[in-house]
Every structure is written in C-alpha cells, then in structure tokens.
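# A look at the structure
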Amino acid sequence: MSVPNTAKLKAQFDAGLETRADFTIDQPMHRYGAIDHAVWKQLYTRQTALLKGRVCDEFLEGVERLNLSPESVPSFDAINEQLLPATGWRIVAVPGLVPDQVFFEHLANRRFPVTWWMRRPDQLDYLQEPDCFHDLYGHVPLLINPVFADYMHAYGRAALFAHDANALPLLARLYWYTVEFGLIRDAASPNGVKIYGAGIVSSKGETLHSQQSDAPNRIAFDLERVMQTQYRIDTFQKTYFVIDDFSQLFDVARTDFAPLLARLVDATPLPAGEVRATDRVITRGTGEGWATNGDV
Ligand SMILES: [Fe+2]
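Residues numbered from 1 in each chain as written. Predicted model: local features only at pLDDT ≥ 70, side-chain atom pairs only at ≥ 80, totals over all residues. Heavy atoms only, no water.

Here is the rule we go by: UniProt positions are given in the numbering used here, feature names are shortened, and annotations may be inferred rather than shown by experiment.
Looking at an unreviewed UniProt entry, the protein chain carries the name Phenylalanine-4-hydroxylase, with the source organism given as Paraburkholderia diazotrophica. Reading the Pathway (unreviewed entry) entry of the UniProt record for the protein chain gives the comment "Amino-acid degradation; L-phenylalanine degradation; acetoacetate and fumarate from L-phenylalanine: step 1/6." Check the Cofactor (unreviewed entry) section of the UniProt entry for the protein chain; it says "Fe(2+)".

## Focus on the pairing of strand β2 (residues 111-115)
We apply this condition: Buried means the residue's accessible area, taken with a 1.4 Å probe over protein chains only, is under 20% of the maximum for its type, while exposed means over 50%, and partly exposed covers the values in between. In this text, helices come from DSSP runs of H or I with a minimum length of four residues, and strands from runs of E with a minimum of two, each type numbered from the N-terminal end. Being paired, for any two strands, means DSSP has found at least two bridges between them.
Across the 5 residues of β2, 5 count as buried, placing the element largely inside the fold. Across the two faces of β2 the burial is the same, with Arg111, Pro113 and Thr115 and Phe112 and Val114 all buried. Where strand β1 (residues 90-94) and β2 come together, 5 bridges link them in parallel fashion. Across the sheet, alanine 93 pairs through a bridge with valine 114, a residue of β2.

## What to know about the side chain of asparagine 80
Put simply, the test is: Two residues form a contact once any of their heavy atoms are found within 4.5 Å.
As for its position among the elements, asparagine 80 is in helix α4 (residues 76-87). For asparagine 80, the residues in contact, after removing those within four places along its chain, are Pro85, Arg90 and Ile91.

## Section: the packing of helix α2 (residues 34-51) against helix α6 (residues 132-139)
What counts, and what does not: In this description, a line fitted to the C-alpha atoms serves as the axis of each element, helices being fitted only across the stretch in contact, and the angle between N-to-C directions of two axes falls anywhere from 0 to 180 degrees. In a left-handed crossing the near helix is turned counterclockwise from the far helix by less than a right angle, and in a right-handed crossing that turn is clockwise. Note on residue classes: Ala, Val, Leu, Ile, Met, Phe, Trp, Tyr, Cys and Pro are nonpolar, Asp, Glu, Lys and Arg are charged, and everything else, Gly too, is polar.
For the pair α2 and α6, interaxial distance at closest approach is 11 Å and the crossing angle is 35 degrees. Considering how the two elements wind past one another, α2 and α6 form a crossing that is right-handed. On α6, the residues that touch Trp40, Leu43, Tyr44, Gln47, Thr48 and Leu51 of α2 are Cys132, Phe133, Leu136 and Tyr137. A breakdown of the residues in the contact of α2 with α6 according to their chemical character gives 8 nonpolar, 2 polar and no charged.

## Comments concerning the nonpolar core
Grouped burial of nonpolar side chains is what soluble globular proteins tend to show. What counts here: In plain words, nonpolar cores are sets of buried Ala, Val, Leu, Ile, Met, Phe, Trp, Tyr and Cys residues tied together by side-chain atoms within 4.5 Å.
Core analysis: the largest hydrophobic core is formed by 85 residues, its most contacted members being Phe112, Leu171, Leu174, Met227 and Phe257. Sort the elements by how many residues they give to this core and helix α7 (residues 146-164) lands first, with 9 residues. In this structure phenylalanine 112 touches Trp89, Arg90, Ile91, Val92, Phe103, Leu107, Asp135, His139, Val140, Leu143, Met152 and Tyr175, once residues within four positions along its chain are discounted.

## Observations concerning the pairing of strand β5 (residues 217-220)
Residues of β5 alternate between two faces, with Asn217 and Ile219 on one and Arg218 and Ala220 on the opposite face, all of them buried. Sheet topology places β5 next to strand β6 (residues 239-243); 4 bridges connect them, and they run parallel. When the bridges of β6 are listed, arginine 218 appears paired with tyrosine 240. Strand direction decides the pairing type here: β5 and strand β7 (residues 281-283), joined by 2 bridges, are antiparallel. Within the sheet, the bridge partner assigned to isoleucine 219 lies in β7 and is valine 281.

## Quick look at the UniProt feature "binding site: Fe cation" (unreviewed entry) in the protein chain
Following the UniProt record, one finds the feature "binding site: Fe cation" (unreviewed entry) at His134, His139 and Glu180. These annotated residues cover 47 residues of sequence, and their C-alpha atoms lie no more than 10.1 Å from one another, placing them together at a single site. Here histidine 134 is to be found in helix α6. Its place among the elements puts histidine 139 in helix α6.

## Examining the sheet that holds β7
Sheet architecture is open: 5 strands sit in the order β4-β3-β6-β5-β7, paired in mixed fashion. Both outer strands of the open sheet, β4 (193-195) and β7, are each paired with one neighbouring strand and no more. Here the average twist between neighbouring strands, direction ignored, is 40 degrees.

## Brief notes about helix α5 (residues 100-108)
In terms of burial, α5 is largely enclosed, as 7 of its 9 residues are buried. Those residues of α5 that sit buried are Asp100, Val102, Phe103, Phe104, His106, Leu107 and Ala108. Where the residues of α5 are buried, they touch β1, β2, α7 and α8 (168-180). Looking one or two places after α5, you find arginine 110, whose phi comes out positive at around 60 degrees.

## So, the packing of α7 against α8
To keep it simple, the criterion reads: Relative orientations are named as follows: roughly parallel for angles under 35 degrees, roughly antiparallel for angles over 145 degrees, roughly perpendicular for angles from 65 to 115 degrees, and oblique for any other angle.
Two elements in contact, α7 and α8, have axes whose closest approach is 8 Å; the angle formed by their N-to-C orientations is 160 degrees. Considered as vectors, α7 and α8 are oriented roughly antiparallel to each other. Crossing angle aside, the handedness with which α7 passes α8 is left-handed. On α8, the residues that touch Phe148, Tyr151, Met152, Tyr155, Ala158, Ala159, Ala162 and His163 of α7 are Leu168, Leu171, Ala172, Leu174, Tyr175, Thr178 and Val179. Along the lines of polarity and charge, the residues of the contact of α7 with α8 split into 13 nonpolar, 2 polar and no charged.

Structure representation (structure tokens):
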C-alpha cells in the first residue's frame with residue numbers, strides 16, 4: 001500500500017520519465033490513453049456508489065471541494081489549485097513507490113506523492129502497488145480537511161524522526177491503521193462505523209469487509225495500542241481501529257513522539273487479530289471469512 005517498500009523500487013522507476021532528486025516527475029498527461037481514462041471512470045463511479053452512506057462526510061466534502069470528476073484522470077495541477085490555498089498541501093507526481101525517507105520528507109513538507117499511472121482494466125479488484133486511483137481518490141480528498149492535513153504533516157515529521165531512531169515499524173503501523181485502514185465512529189451506520197482510510201476507500205472488497213463483515217475486530221483507537229499492532233498486507237484486515245472523530249488525530253498530531261518511541265521500540269508487537277483485555281471493543285470479530293485480498 002502506501003508505506004513504501006524500497007525493494008520494489010528499481011523496476012517501477014524505469015518508465016522513461018525524467019525523475020528529479022526527490023523522485024518527483026511532471027505528471028505526463030500525454031501518456032494517459034482512452035483505457036486509462038475509462039479505468040478511472042469505472043473505478044470512480046463504482047466506488048462513489050459503493051461509498052454512499054459508508055464513507056465519512058469529510059471525505060465526501062473533500063471530493064467536492066477538489067472538483068474530482070469521473071470523466072478523466074485528473075490534472076494534478078488543477079487539484080493543487082484548490083488544495084494549496086486550503087491547507088498548504090500539494091500533490092506531486094511520482095513514477096511509483098519512493099524510498100521511505102523521501103516519502104516522509106515529502107509529507108513533512110506538505111507534499112503528497114501520487115503515482116501517476118493507472119492500473120489496467122484486469123486489475124480493478126486486485127493491485128499490489130498503489131496506482132493513481134488509490135493515491136489520488138483514496139488519499140487526497142482528506143488532505144483538504146485542516147485537521148487531517150495537520151495530522152499528515154505531523155506524521156511525516158514523526159516518521160522522519162522514527163526513521164533515524166530505528167523505530168520505523170511503530171510509525172508504519174500508525175499509518176496503516178489510520179491513513180490506510182482507519183474507521184471513524186458513526187452510530188447510525190452498520191457496525192457503528194464509517195470509513196476514512198484510503199486503502200478502504202479505493203477498494204471495493206475492503207469497503208464491504210471493513211464496515212459490514214462480522215469477521216474483523218473493530219477496536220477503539222489508542223495510539224500506543226495501534227503502534228504495537230502488526231498488520232497483514234495479504235488479507236483483509238483482521239482488526240480495524242476506530243477513531244471517535246478527527247479531533248483524536250489532532251491530539252496525535254500534537255504528540256511528542258520521542259519519549260513514546262524510546263519506550264516502545266523494543267516492545268514485542270501484538271498479532272494483528274488479537275483482542276486485549278484493555279481494549280475498548282466496538283465489535284469483536286468472528287475471524288471467519290478472512291479472504292485473501294491484496295488490492296489497494
Ligand atoms: Fe496508500
């Protein structure tokens with residue numbers, strides 16, 4: 001998903017595009033063909049219909065304010081015209097996954113790297129690496145929300161610190177269980193939750209699994225608990241962590257991570273599906289039906 005895996009880098013950067021030192025490129029609009037735009041439209045239309053009543057209001061507001069449209073792969077420049085004045089964030093095009101430190105430096109400077117290319121028509125439901133649909137439709141709408149924007153900025157700074165302190169797994173888990181697979185409380189929704197994580201938003205299967213399946217645990221967000229919890233990248237999530245509202249992320253953004261990382265860096269991580277006596281459990285999962293996923 002979007003916590004970068006440096007092992008995959010070389011192959012993905014061989015796209016014949018001129019890459020800057022910070023791994024960004026100019027979005028090559030001329031390379032998008034009819035198939036790319038059709039795939040964008042199909043995914044956009046399908047997910048927008050599926051997310052109705054399931055995704056948080058802040059996401060929908062972001063889609064509207066950014067003028068996202070199903071018609072074609074968006075121009076990143078056009079998105080930045082709305083995004084930059086609102087929260088100081090802008091998106092930058094990249095050929096694929098970028099090294100950890102580069103990714104975090106972008107975040108710490110309010111730049112979100114967006115993979116420029118679109119998946120193929122036979123990859124609508126399954127894709128191991130982030131493409132433009134995941135990165136843009138999944139991640140960018142919340143960057144126009146001021147609280148989430150500040151959270152992402154603080155995350156980037158904390159991740160840089162963790163990188164230097166050899167504590168990156170702790171921050172990778174926080175990203176995974178919030179930015180990628182976060183749920184938010186909503187009493188009127190199935191299982192009392194709505195969706196905000198990009199890995200859910202951009203995936204048909206995980207949209208349904210996260211909100212409506214009986215299989216996964218849904219546990220109230222707790223920063224230290226999340227940072228200690230392992231995750232799986234090859235299945236739907238066994239556990240989702242649920243924030244009460246975005247003010248919880250505001251609190252996380254103000255956390256002094258240095259002492260926290262020092263205390264947790266050597267702690268034994270918790271298995272992905274474990275429920276602890278100290279957890280505030282919203283729904284306890286049956287564990288059944290954990291299908292192989294792999295999409296983003
Ligand atoms: Fe992502």
